[in-house]
Amino acid sequence: MALNPSTLPARSFLYRELQKFGAVFGEVNGYASAMTVGADAAAEAAQARSLGLCDLSALKRIGFKGWATAEWLTSQGVTLEDAPNRVYPQGDGARVARLSKGEFVVLGDLEGRSTLPDRLGGAWSMASANGCFRVPREDASAWLTLTGAEGGAMFAKVCGVDLRPHKFPNNGIAQTSLARMNAIIMRADRGNTLAYDLVFDLASAVYLWGALLDAMAEFGGKPVGLDAIKALG
Amino acid sequence: MAFGLIKYGLSPRYPGKRFLSRQPELKSSYDVVIIGGGGHGLACAYYLAKNHGVKNVAVLEKGYIGGGNTGRNTAIIRSNYLTPEGVAFYDESVRLFQGLSEDLDFNILYSERGHFTLAHTDAAMRTSRWRAEVNKHLGVNSEVVDREDLKRLVPSLNLSEDVRYPIMGALYHPPGAIARHDAVAWGYAGRAAEMGIEIHQGTEVTGLEIEDGRITGVVTNRGRVACGKAMQAVAGLSGVMANMAGFKLPIKTVPLQACVSMPLKPFLDPIIVSGSLHVYISQSSRGELVMGGSTDPYPRYQTRSTLDFIEGLMAHILELFPFLADVPILRQWAGMTDMTPDFSPVMGETPVKNYYIDSGWGTWGFKATPVCGKRMAETIATGRVPALLQPFRLSRFEEYSLVGEKGAASVGH
Amino acid sequence: MKIINCPLNGPRNAQEFVHGGEFVAMPDPHRSSDAEWSSFVFLENNTAGVVREWWCHVPTAYWFIAERDTIKDEFIRTYDPSEVFRERVEFAKPPAQGS
Ligand SMILES: Cc1cc2nc3c(=O)[nH]c(=O)nc-3n(C[C@H](O)[C@H](O)[C@H](O)COP(=O)(O)OP(=O)(O)OC[C@H]3O[C@@H](n4cnc5c(N)ncnc54)[C@H](O)[C@@H]3O)c2cc1C
């Protein structure tokens, strides 16, 4: 059912860009989010398998940082290993990205099954979590996912790090310059489809969205909606 | 000179003379030794002889004269600085430059073009106004112009609003000029040599002799030379020399690159600078576009050209002049600049008695060649630092009284 | 493009880094003289040769230490500051101000 994104208090910073493509919006976590972007879900799923870009900014995310953060997260039941620049899946669909010894981003899942981001947000307080501080990722970072077999080749145009699948493992992280912007790139395959999650400064969301679509055009890449990503499994 | 042209123009018997007479043997002692035969060292030697009659002077240059930053810069001359101290100092230099071809009887191809510092942001417009007011107050021709003025004064400039940083206006400085940089070194060298100053090329200073805190001599690859006074004017190697003298400087050595395009028909009379885009461009009398940007991102003792530089520079040049997209670059090079924290030079006395310094010229010292030479000569000859140089003393850092000129640096750094 | 080996992120284009200046010990701000403090703030060794410096990988805001040859433009070694700093650097409380 079509939803006018301006009737919801929260909507993606990209909603006007998405509207240009004929996006149909639905509500996710109280957020107006594009379910399809001009085509039907099946066609968009096929697009996503080849090369697609989807706005995941409606999904839950939360950040923590500080010398005792790993300890605090572990005490909250998060499973982690020592190696930085790795994503640690949590079993319930949530993923914890370890950016360095002391910095983490917790990412919710597509279906909203995991309660981890909300639970950590509720448990944390300045007083109880000594040496661990909140990073307001939900208010500061945009989140896109770039999917499909052409992804590795496409990234070579806009990023200096080799992100081709045989060089950059699933759950690997590259914090680097993407189309001249700082971004966290996480390989996050969906089903059998190659996929990369991109987390970056939301103030530049419109810029990076446009830059990526421009770079993707050569490979037939297009924006897709949340339904297409869900269909990848 | 003009007579000579008429007389010998078509004659095979032109009595051409060597620019510098054959290099003399190094004497065992001089009244003054100048370390570094760039424009600054040579100008100082010239004014020592001309204004003060001090002629028992040797200029020691490890390579060839003008082979350092003097022969590598993009030759922009202007006085539209930000601080009253800076404006007064550079203004004296511009005036000296305007009469320099006459004074040296040597054509330095001084060419007044007008100089525009483009503003792409409100903050840059504000700095432009600030500079214009300080400049006017000190009698320097400088004003803020808007987009309409720019359309008229620089018709080739891209004033489109459909770019990343549309141009809002500019600081316009009509006396802004360029000159033939090598000619400045040669002119000073030739005239200094005529007055009896010795210029020793291929002569590197490798050590200093200091007794009781006073300079007594220098050690070179051609032997030891005693001296009453000495001055170092070695640009990017300032820190290395100061190290020999036993003191530290507020200076980092950072490469600065520049490039020229193939020659084009004249289309760009003025000099165009954009701080926000980190670029500047002018067209030489040969038609080449002379282009430069900010210093390299980190310090080092090296003059290697990089692709990063040229790529970044061109991305921005093409915002200003999109029609240059197909123009080939002919040459690219770098010099080692001596960068200070306040973007002002370090001149005058040092902790070593009778040992003077002329340094911290960074990316902006070519325009100061005449005034610095003249006033450092005065300092050395009289033993007193003139008021014009006082603000630039080395001890200003210890006194926390810096002369902040970053806002007037040609490009944002 | 020059490649710098970041201890956290591995080899990366030099454009991802900023130079943070010479690695020198900070004098006690409460007890150093004006001259000592200005020397720390402004004066440089500006060594021609091997230097030890602070560098930052900008996309991760990660600071590390590099040993570098300023003549050859070669990075010799890069490492995490924990190799040098085993514990927090503390300065004693400032002497009481005023009379
Ligand atoms: C690419 C570039 C563009 C620039 N553009 C401009 C501009 O547009 N406008 C402007 O005003 N300024 C500009 N500058 C800055 C300007 O070039 C310098 O500040 C100025 O030329 C310095 O002159 P100098 O005589 O002090 O130094 P140099 O000309 O470098 O002379 C120093 C000399 O000292 C010699 N030397 C060093 N060590 C020793 C030793 N131990 N013994 C003997 N000799 C030694 C060197 O060989 C050298 O010849 C630019 C610089 C560069 C690199």
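This text goes with the structure placed above it.
Residues numbered from 1 in each chain as written. Chains lettered and ligands numbered in written order. Predicted model: local features only at pLDDT ≥ 70, side-chain atom pairs only at ≥ 80, totals over all residues. Heavy atoms only, no water.

**Brief notes about the overall build of chain B**
Here is the rule: Numbering of helices and strands runs from the N terminus; a helix is a DSSP stretch of H or I covering at least four residues, while a strand is a stretch of E covering at least two. Only C-alpha atoms enter the radius of gyration; for comparison, a globular chain is expected to reach 2.2 Å times N to the power 0.38, where N is the number of residues. Exposure classes here rest on a 1.4 Å probe applied to the protein chains alone. A residue is buried below 20% of its type maximum, exposed above 50%, and partly exposed in between. The criterion used for residue contact is that any of the two residues' heavy atoms lie within 4.5 Å. The Shrake-Rupley method, run with a 1.4 Å probe, gives the accessible areas here. Residue values count only the displayed protein chains as cover. We treat Lys and Arg as the positive residues and Asp and Glu as the negative residues; His and chain ends play no part in the count. Lysine's charge is taken at NZ, arginine's at CZ, aspartate's at CG and glutamate's at CD.
Broken down by element type, chain B carries ten helices and 19 strands. For 413 residues, the compact-globule estimate of 2.2 N^0.38 gives 22 Å, and chain B sits close to it at 21 Å. Reported as C-alpha extents along the three principal axes, the dimensions of chain B are approximately 65 × 65 × 40 Å. Counting the 413 residues in chain B, one finds 57% classified as buried. Contacts spanning at least 24 positions in sequence make up 76% of the contacts within chain B whose residues lie at least 6 apart. Per element, the accessible surface of chain B, about 17,100 Å² overall, is 52% carbon and sulfur. Side chains of chain B give 42 positive and 40 negative charges; the mean places of these two sets differ by 4 Å.

**A word on the site of the ligand**
All names here are of chain B. For clarity, the cut-off: Throughout, near means a residue has at least one heavy atom within 4 Å of the molecule or strand. Counted as a polar contact is a pair of N or O atoms within 3.5 Å, where, for protein atoms, one must be capable of donating a hydrogen and the other of accepting one, and residues adjacent in sequence contribute only when both atoms are in side chains.
Looking at the ligand, there are 37 residues lining it, with E61, N69, T70, T74 and K367 nearest. G39 places a polar main-chain atom, nitrogen or oxygen, 3.2 Å from an oxygen atom of the ligand. Note that an oxygen atom of the ligand is positioned 2.7 Å from one of the backbone N or O atoms of N69. Isolated, the ligand exposes 1,000 Å² of accessible area, and the fraction of that covered by the protein chains is 96%. Every element with two or more residues in the shell around the ligand is listed here: α2 (39-52), β13 (252-261) and β17 (329-339).

**Quick notes on the arrangement of the chains**
Looking across the two pairs of chains in contact, one finds the most contacts between chains B and C. Nothing in chain A touches chain B; the tightest C-alpha to C-alpha distance between them is still 11 Å.

**A short note on the packing of α2 of chain B against helix α7 (residues 181-194) of chain B**
All names here are of chain B. As a reminder, the rule being used: An axis is simply a line fitted to the C-alpha atoms; with a helix, the fit covers only the stretch in contact. Between two such axes, the angle follows the N-to-C directions and lies from 0 to 180 degrees. For any helix crossing, the convention is left-handed if the near helix is rotated counterclockwise from the far helix by under a right angle, and right-handed if that rotation is clockwise. When residues are sorted by character, Ala, Val, Leu, Ile, Met, Phe, Trp, Tyr, Cys and Pro go into the nonpolar class, Asp, Glu, Lys and Arg into the charged class, and all the rest, Gly among them, into the polar class.
Two numbers describe how α2 lies on α7: the axes approach to 8 Å, and their chain directions differ by 35 degrees. Relative to α7, α2 is oriented so that their crossing is left-handed. On α7, the residues that touch L42, A43, A45, Y46 and Y47 of α2 are A185, Y188, A189, R191 and A192. When the residues that make up the contact of α2 with α7 are grouped by side-chain class, the tally is nine nonpolar, no polar and one charged.

**A closer look at helix α7 (residues 205-217) of chain A**
In an α-helix there are 3.6 residues to a turn, and that puts residues three or four apart on one side. This is how the line gets drawn: A helix is expected to span 1.5 Å for every residue after the first.
When the terminal C-alpha atoms of α7 of chain A are compared, their 18 Å separation across 13 residues agrees well with the 18 Å that a helix rising 1.5 Å per residue should span. Among all positions in α7 of chain A, only A205, L208, W209, A211, L212, L213, A215 and M216 of chain A are buried.

**Topic: the interface of chain B and chain C**
Applicable threshold: Throughout, the accessible surface (probe 1.4 Å) given up by two parts as they are put together, summed over both, is called the buried area. Any carboxyl oxygen of Asp or Glu within 4 Å of a side-chain nitrogen of Lys or Arg constitutes a salt bridge here.
The interface is formed by 20 residues belonging to chain B together with 21 residues belonging to chain C. Approximately 2,000 Å² of surface area, both sides summed, lies buried where chain B meets chain C, with 56% of it carried by carbon and sulfur atoms. The largest per-residue losses of area from chain B upon contact with chain C belong to K248, Y298 and Y301 of chain B, which jointly make up 33% of the total buried on that side. Put simply, chain B and chain C have two salt bridges between them. At the boundary of chain B with chain C, the tally comes to eleven residue pairs in polar contact (both at pLDDT 80 or more). Partitioned by chemical class, the residues of the side of chain B that touches chain C number twelve nonpolar, three polar and five charged.

**Description of the interface of chain A and chain C**
Between chain A and chain C, the residue contacts involve eleven residues of the former and nine residues of the latter. Between chain A and chain C, a total of about 730 Å² is buried, with carbon and sulfur atoms accounting for 48% of that surface. Contact with chain C buries surface across chain A, with N85, Q175 and N182 of chain A losing the most and accounting together for 50% of the total. The interface formed by chain A and chain C contains zero salt bridges. For the side of chain A that touches chain C, the element with the most residues is strand β11 (residues 173-178) of chain A, which contributes four residues.

**Let's talk about the pairing of strand β4 (residues 52-55) of chain A**
Residue and element names in this part refer to chain A. Note the following rule: One bridge is not enough; two strands pair if DSSP finds at least two bridges between them.
With burial as the criterion, each face of β4 is covered, one bearing G52 and C54 and the other bearing L53 and D55. Relative to strand β10 (residues 141-147), β4 runs antiparallel, the two being bridged by four bridges. Bridged to D55 within β10 is L144.

**Observations concerning the sheet that holds β4 of chain A**
Hydrogen bonds between backbone atoms are what pair the strands of a sheet, whose relative direction is either parallel or antiparallel. Residues and elements named next belong to chain A. Pairing in this open sheet of six strands is mixed, and the strands run β11-β12-β13-β10-β4-β14 from one edge to the other. At either margin of the open sheet sits one strand with a lone partner, and together these are β11 and β14 (222-223). As defined by bridge partners, β11 adjoins strand β12 (residues 181-187) across six bridges and the pair is classed as antiparallel. Bridge pairing links A174 to I185 in β12. Packing against the sheet, helix α2 (residues 41-50) makes contact with β4, β10 and β14, and its axis sits at approximately 110 degrees to β4. Most of the contacts of α7 go to β4, to which it runs at about 165 degrees, and overall it touches β4, β10, β11, β12, β13 (195-201) and β14.

**With respect to the packing of helix α3 (residues 84-98) of chain B against helix α10 (residues 369-382) of chain B**
All names here are of chain B. The condition that has to hold: Throughout, the term roughly parallel applies to angles under 35 degrees, roughly antiparallel to angles over 145, roughly perpendicular to angles from 65 to 115, and oblique to all others.
Running from N to C, α3 and α10 cross one another at 105 degrees; their axes reach a closest spacing of 7 Å. Taken together, the axes of α3 and α10 are roughly perpendicular relative to one another. Residues F89, E92, S93, L96 and F97 of α3 form the contact with α10, whose participating residues are T369, P370, V371, C372, K374 and R375. Residue classes in the contact of α3 with α10 are distributed as six nonpolar, two polar and three charged.

**Focus on the environment of G383 of chain B**
Residues and elements named next belong to chain B. By secondary structure assignment, the location of G383 is in the segment after α10. It is 46 Å that separates the C-alpha atoms of G383 and H120, two residues lying 263 residues apart in sequence. With residues up to four places along the chain from it excluded, the contact list for G383 reads K229, E349, Y356 and E378.

**Considering the side chain of T36 of chain A**
Residue and element names in this part refer to chain A. Looking at where T36 falls in the secondary structure, it is placed in strand β3 (residues 31-37). Judged by relative accessible area, T36 falls into the buried class, the value being 12%. Setting aside chain neighbours within four positions, we find T36 in contact with G22, A23, V24, A41, E44, G225 and D227.

**Details of unusual backbone geometry**
Unlike most non-glycine residues, R180 of chain A shows phi in positive territory, near 70 degrees. Although it is not a glycine, F343 of chain B sits at a positive phi angle of roughly 60 degrees. Along the chain, F343 of chain B falls in the loop between β17 and β18 (346-349). A relative accessible area of 6% means that F343 of chain B is categorised as buried.

**Description of the packing of aromatic side chains**
We count it as follows: Ring pairs shown here join Phe, Tyr and Trp side chains whose ring centres sit within 6.5 Å, with only the six-membered ring taken for Trp; geometry is labelled stacked below 30 degrees between planes, edge-to-face above 60, and tilted in between. In this analysis the charged atom, NZ for Lys or CZ for Arg, is taken to sit over a ring once it is within 6 Å of the ring centre and within 35 degrees of the ring normal.
Across all of its chains, the model carries 29 aromatic pairs over all chains by this definition. When the centroid spacing of 6.5 Å and the interplanar angle of 65 degrees are considered together, the rings of F247 of chain B and Y355 of chain B count as edge-to-face. With F247 of chain B in the loop between α8 (238-245) and β13 and Y355 of chain B in strand β19 (residues 355-359), this residue pair connects regions lying 108 residues apart in the sequence. Seen from their ring centres, F17 of chain C and F64 of chain C are 5.9 Å apart, and the 85 degrees between their planes marks the pair as edge-to-face. In this pair, F17 of chain C is assigned in strand β3 (residues 17-22) and F64 of chain C in strand β5 (residues 62-69), connecting sequence segments 47 residues apart. Every member of this aromatic cluster is reached through a ring pair, and the members are Y81, F89, Y90, W361 and F392 of chain B. A cation sits over an aromatic face here: R300 of chain B above Y298 of chain B, 4.7 Å from the ring centre. K367 of chain B extends its terminal NZ or CZ atom over the ring of Y90 of chain B, reaching a point 6.0 Å from the ring centre.

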